Each structure stands twice: as C-alpha cells, then as structure tokens.
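Residue-level listing of the chains:
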Amino acid sequence: MEKSRDEAVDIADCGRKAAHEAHDEAGRTKEKVEELAKEAYSMFMDPEVQRHFMAMGMELLAGISAMIARAPIPDRFKEDAADVEDNLKRTACAKNDNCTAATRMQKVQVVVEKSDDERGRRHTRREVRPLMR
C-alpha cells in the first residue's frame, strides 16, 4: 500500500511538472505571437507602405475609370464615374502633401506661332497648352 501511495505521488509530481512546463511554454509562445503581431501591425502601418498602397489603389481606380470611359454604356454612367474619380483624388490629396494624383505628369502640346513680322526673325513665341487634365 505504501508502494502504491509513493507511485501515486510520483505520478502526481510528473503531472504537476508537465503542467508547469506546458504553462511556461504557453507563456513563451504567447510572447512570440504578441511580438509577431506587433511587427506585422507596424509593417502595414508604416507610412511608406501606406503611400504605396494608396498609389496602387489610385492607379486601380484610374484604370477602372478609363475602362468605363471607353465602355459602350450611356454617357450618364461615364459622367458619374468621372465624378467619383475626381472626388477620390481630391479626398486623397487633401491630407497627403505628396499626393501622386496632384503631381501626375501631363502631356503637353507646344504650339509655335509666328506673326508676319516674326517670319524673318529667329525668335519665336511658344505657347504650351495642356492636352490632358
């Protein structure tokens, strides 16, 4: 009987030891997961990453808007899509000093006009007119 009691005590000690080890391992795992979550959060919230995602979203919506403009649909829908794109650009640029929508390159047409007096001169007047908005 004393032998059975000693064996039961040994089994209980092994169980307690295993429970403490599991508890300690769970604590270490929890710390690792929390650290990983913090790193992932800071990665997605990094301003440089956000800037790229905003630019990507703007480009996607600009592409969809261009498809709608060329789609065989009524002009009313095309006008609404253009309004949505303009509102999106205004909203995105309102809080962003480095807004890509505001600094997008524009195609220009250079028009050289000569008057009768200038035809003989080498200097000409050049006027730049934007082709796209």
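None of these values were measured; they are calculated from a predicted model. (Residues numbered from 1 in each chain as written. Predicted model: local features only at pLDDT ≥ 70, side-chain atom pairs only at ≥ 80, totals over all residues. Heavy atoms only, no water.)

Visitor: Quick rundown of the overall build of the protein? Include the residues and the values.
Guide: Along its length, the protein carries three helices and two strands. In sequence order, the secondary structure elements of the protein are arranged as α-α-α-β-β. Buried positions account for 8% of the 133 residues belonging to the protein. (Helix = DSSP H or I, 4+ residues; strand = E, 2+ residues; numbered from the N terminus. Buried < 20%, exposed > 50% of the residue type's maximum accessible area, 1.4 Å probe, protein only.)

Visitor: Describe the pattern of salt bridges, and please don't skip the residues or the numbers.
Guide: According to the stated counting rule, one finds four salt bridges in the structure shown. Of the charged contacts, one joins Arg16 and Asp13 as a salt bridge, the two residues approaching to 2.7 Å between their closest N and O atoms. Taken together, the residues Arg16 and Asp13, both in helix α1 (residues 2-45) and three residues apart, mark about one turn of the helix. Overall, the relative accessible area of 36% leaves Asp13 in the partly exposed class. (Salt bridge = Lys/Arg side-chain N within 4 Å of Asp/Glu carboxyl O.)

Visitor: Please provide a residue-by-residue account of a nonpolar patch on the surface, values included.
Guide: Together, Tyr41, Met43, Phe44, Met45, Phe53 and Met56 give the surface a local cluster of nonpolar side chains, amounting to about 670 Å² of exposed area. Where the nonpolar patch is concerned, the elements lending two or more residues are α1 and α2 (47-70). For the nonpolar patch, the element with the most residues is α1, which contributes four residues. Mapped onto the secondary structure, Met43 falls in helix α1. (Patch = residues over 30% accessible without salt bridge, like charges linked within 9 Å, V, L, I, M, F, W, Y side chains within 5 Å. Areas by Shrake-Rupley, 256 points an atom, 1.4 Å probe, with all protein chains shown as cover.)

Visitor: Go over a negative patch on the surface, please, and point to the residues and values.
Guide: A contiguous patch of negative charge, built from Glu2, Asp6, Glu7 and Asp10, is present on the exposed surface. Tracing the backbone shows Asp10 in helix α1. You can call Asp10 partly exposed: its relative accessible area is 46%. (Lys, Arg positive; Asp, Glu negative; His and termini not counted. Charge placed at Lys NZ, Arg CZ, Asp CG, Glu CD.)

Visitor: I'd like to hear about the packing of α1 against α2, residue by residue, with values.
Guide: For the pair α1 and α2, interaxial distance at closest approach is 5 Å and the crossing angle is 55°. Here α2 runs oblique to α1, going by the angle between their axes. In this structure, α1 contributes Met43, Phe44 and Met45 to the contact, and α2 contributes Pro47, Val49, Gln50 and Phe53. (Axes fitted to C-alpha atoms, helices over the stretch in contact; angles between N-to-C directions. Parallel < 35°, antiparallel > 145°, perpendicular 65-115°, else oblique. Contact = heavy atoms within 4.5 Å.)

Visitor: Describe the packing of α2 against helix α3 (residues 75-94), naming the residues involved and giving the relevant values.
Guide: Contact pair α2 / α3: the axes reach a minimum separation of 9 Å and the direction vectors enclose 165°. Judged by the inter-axis angle, α2 sits roughly antiparallel to α3. For the pair α2 and α3, the crossing hand works out as left-handed. Facing α2, whose interface residues are Met54, Met58, Leu61, Ala62, Ser65, Ile68 and Ala69, α3 presents Phe77, Lys78, Ala81, Glu85, Leu88, Lys89 and Ala92. Its residues assigned to classes, the contact of α2 with α3 comprises 10 nonpolar, one polar and three charged. (Left-handed = near helix turned anticlockwise from the far one by under 90°. Nonpolar A, V, L, I, M, F, W, Y, C, P; charged D, E, K, R; others polar.)

Visitor: Could you give an account of the confidence of the model for the protein, with specific residues and numbers?
Guide: Summarising the model, the protein shows a mean pLDDT of 77, and 71% of its residues fall at 70 or more. For the protein, the element scoring lowest by mean pLDDT is strand β2 (residues 125-130), at 54; α1 scores highest, at 90. (pLDDT = per-residue confidence, 0-100.)

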